[in-house]
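For reference, the chains in residue letters:
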Amino acid sequence: MSELTPDAELTELLDAIARAAELSVGVDTFEHLLLDLLALLESGRVARPVAIAELRRLGTDWLWGAVEALEFTMRRLRWPEVREALESHRLRGADFRTRTLASQVLEVYQDDWPAGEIYESYRRGDS
C-alpha cells in the first residue's frame, strides 16, 4: 500500500477491514489489517484531523468492522476526540443498537478490558 497517499491508504485499509469483517466470523482472519491500521495511525503520516474524522465516521455509520477498528486502535491510542464522539453517540444516537456499540467500544478506555481477549495482539500483550 506504500504507493498510495497516506489518506488513500487509510481509506483503503478501512474498506478492507469492512469487507473482511463482513465475510468473517472471527477477528483472527483480519487482525493483520487492524495492526496495519494502528501502525498507520501511530506513524503520523495521516494528519490527525483526517484520522479523527474517519474514526468519528466509523462511530456514526457503524459499517462492518467499525467496532473492531475502533476497539483495536483506541485501546492503544485512546484519543479523547474519538472518545467524545463515542460518548455523544452513546447518549444521543438515533438507534439503540448503535448506542450499545458505542458503549462497547468505550470500554477500551477503561484500565481493565476483558473483551480485548478476542484480539491475539492484546492477549499476547503486544499492543
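Residues numbered from 1 in each chain as written. Predicted model: local features only at pLDDT ≥ 70, side-chain atom pairs only at ≥ 80, totals over all residues. Heavy atoms only, no water.

Colleague: Residue-level account of the overall build of the protein, with values.
Modeller: Helix and strand counts for the protein come out as 7 helices and 0 strands. Reading the protein from its N end, one meets helices and strands in the order α-α-α-α-α-α-α. Over its C-alpha trace the protein gives a radius of gyration of 14 Å, about what one expects of a compact globule, namely 14 Å for 127 residues. Each principal axis of the C-alpha atoms in the protein carries an extent, and together these give about 40 × 30 × 30 Å. By residue count, 43% of the 127 residues in the protein fall in the buried class. Taken as a whole, the protein presents about 6,900 Å² of accessible surface, with 51% of it coming from carbon and sulfur. Taking the 15 positively charged and 24 negatively charged side chains of the protein as two groups, their mean positions are separated by 6 Å. (Helix = DSSP H or I, 4+ residues; strand = E, 2+ residues; numbered from the N terminus. Rg over C-alpha atoms; globule rule 2.2 N^0.38 Å. Buried < 20%, exposed > 50% of the residue type's maximum accessible area, 1.4 Å probe, protein only. Areas by Shrake-Rupley, 256 points an atom, 1.4 Å probe, with all protein chains shown as cover. Lys, Arg positive; Asp, Glu negative; His and termini not counted. Charge placed at Lys NZ, Arg CZ, Asp CG, Glu CD.)

Colleague: So what's going on with the side chain of Glu31? Residues and values would help.
Modeller: Within the secondary structure layout, Glu31 lies in helix H2 (residues 31–43). There is a polar contact of 2.9 Å between the side chain of Glu31 and the backbone nitrogen of Glu120. The contact partners of Glu31, leaving out residues within four places of it in the chain, are Phe72, Ile118, Tyr119, Glu120 and Ser121. (Polar contact = N/O pair within 3.5 Å; in protein donor to acceptor, adjacent residues only side chain to side chain. Contact = heavy atoms within 4.5 Å.)

Colleague: I'd like to hear about the packing of helix H5 (residues 80–92) against helix H6 (residues 96–106), residue by residue, with values.
Modeller: Between H5 and H6, whose axes approach to 8 Å, the crossing angle comes to 145°. Between H5 and H6 lies a crossing whose hand is left-handed. Across the interface between the two elements, Arg83, Leu86, Glu87, His89, Arg90 and Leu91 of H5 pack against Thr98, Arg99, Ala102, Ser103, Val105 and Leu106 of H6. Residue composition of the contact of H5 with H6, grouped by class: 5 nonpolar, 3 polar and 4 charged. (Axes fitted to C-alpha atoms, helices over the stretch in contact; angles between N-to-C directions. Left-handed = near helix turned anticlockwise from the far one by under 90°. Nonpolar A, V, L, I, M, F, W, Y, C, P; charged D, E, K, R; others polar.)

Colleague: Go over the packing of aromatic side chains with me, naming the residues and quoting the values.
Modeller: Applying the stated criterion to the full structure yields 5 aromatic pairs. A centroid spacing of 6.1 Å and a plane angle of 80° characterise the contact between Tyr119 and Tyr122, whose relative ring orientation is edge-to-face. The same class applies to Tyr119 as to Tyr122, namely buried. Each residue in the set Phe72, Trp113, Tyr119 and Tyr122 is aromatic and connected to the rest through ring pairs, giving one cluster. (Phe/Tyr/Trp six-rings, centres within 6.5 Å; stacked < 30°, edge-to-face > 60°.)

Colleague: Give me the lowdown on the nonpolar core, citing residues and values where you can.
Modeller: The tendency in soluble globular proteins is for nonpolar side chains to be buried side by side. In terms of nonpolar packing, the biggest core is built from 39 residues, with Trp79 and Leu86 touching the most fellow members. At the level of secondary structure, the elements contributing two or more residues to this core comprise helix H1 (6–23), H2, helix H3 (48–61), helix H4 (66–77), H5 and H6. (Core = buried A, V, L, I, M, F, W, Y, C linked by side-chain atoms within 4.5 Å.)

Colleague: Any chance you could break down H5 for me, citing the residues and the numbers?
Modeller: Between its first and last C-alpha atoms H5 spans 18 Å; for 13 residues at 1.5 Å apiece the expected length is 18 Å, and the two agree. Residues Val82, Ala85, Leu86 and His89 constitute the buried set of H5. All buried residues of H5 lie within an arc of 95° about the axis, which places them on one face of the element. Opposite its buried face, H5 presents the exposed residues Glu84, Leu91 and Arg92, each directed more than 90 degrees away. (Expected span 1.5 Å × (residues − 1). Arc of directions from axis to C-beta.)

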